[in-house]
Amino acid sequence: MTLGVKDALDAFQAQNNAVDKLWTYFSAVSLAVAGYVISYSSGDGFSTARVIAIAGAYAIFCINNNMALGTGQTLLVSLAQATRNSGTAGGVPLDIKVLSCRAVRWGQGLMASAVVIGTLVFGHVLG
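Residues numbered from 1 in each chain as written. Predicted model: local features only at pLDDT ≥ 70, side-chain atom pairs only at ≥ 80, totals over all residues. Heavy atoms only, no water.

From N to C terminus, the protein includes three helices and zero strands. For the protein, the succession of helices and strands along the chain, N to C, is α-α-α. For 127 residues, the compact-globule estimate of 2.2 N^0.38 gives 14 Å, and the protein exceeds it by more than 25% at 20 Å. For the protein, the C-alpha atoms occupy an extent of roughly 65 × 20 × 20 Å along the three principal directions. Here the protein holds 127 residues, and 28% of them are scored as buried. Carbon and sulfur atoms provide 66% of the accessible area of the protein, an area that totals close to 7,700 Å². (Helix = DSSP H or I, 4+ residues; strand = E, 2+ residues; numbered from the N terminus. Rg over C-alpha atoms; globule rule 2.2 N^0.38 Å. Buried < 20%, exposed > 50% of the residue type's maximum accessible area, 1.4 Å probe, protein only. Areas by Shrake-Rupley, 256 points an atom, 1.4 Å probe, with all protein chains shown as cover.)

Written as structure tokens, this is what we have:
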């Protein structure tokens, strides 16, 4: 089954929006965790157990988000290729580029690691 150019572009855009929502969710939670820990890092701050619990819960969230992002990005890569193919078949050359699933998963993992490490540092568990 081949998709028409419009159908292929619509499917690609819908998936791109879904992946963007996963990134937005990840960013909002990351910012909330970082802000929460930084805001309480002065003075008495948190107990070590609380900081570790926050970092652990955030890490679990990030692992699940990473899997969802990977799945979403894999589909986005496939839809980008299908869209390029439909454009070529329809005489409309489309230059759609997307990041690889590996790049997205590694990028998210590195950002998540930075927040976990920052949580442990600002929570006075490390450093």
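Here we take up the state of the cysteines. What the rule picks out here adds up to zero disulfides. Note on C62: no disulfide assigned, nearest cysteine sulfur contributed by C101 at a separation of 16 Å. (Disulfide = S-S within 2.5 Å.)

Attention now moves to the environment of A57. Along the chain, A57 turns up in helix α2 (residues 48–89). On the accessibility criterion, A57 (48% relative accessible area) is partly exposed. Once the C-alpha coordinates of A57 and V116 are considered, the two residues, 59 residues apart in sequence, prove to be 9.9 Å apart.

A pair of packed helices is captured by two measures, namely the crossing angle of their axes and the spacing between those axes. Two elements in contact, α2 and helix α3 (residues 101–122), have axes separated by 9 Å at closest approach and are oriented at 170°. Relative to α3, the element α2 is oriented roughly antiparallel. (Axes fitted to C-alpha atoms, helices over the stretch in contact; angles between N-to-C directions. Parallel < 35°, antiparallel > 145°, perpendicular 65-115°, else oblique.)

This part covers a nonpolar patch on the surface. On the surface, I38, I117, V121, F122 and L126 cluster together to form a nonpolar patch covering roughly 420 Å² of accessible area. The biggest single contributor to the nonpolar patch is α3, with three residues. Summarising the element assignment, I117 is placed in helix α3. Among the residues examined, I117 registers a relative accessible area of 47% and is labelled partly exposed. (Patch = residues over 30% accessible without salt bridge, like charges linked within 9 Å, V, L, I, M, F, W, Y side chains within 5 Å. Salt bridge = Lys/Arg side-chain N within 4 Å of Asp/Glu carboxyl O.)

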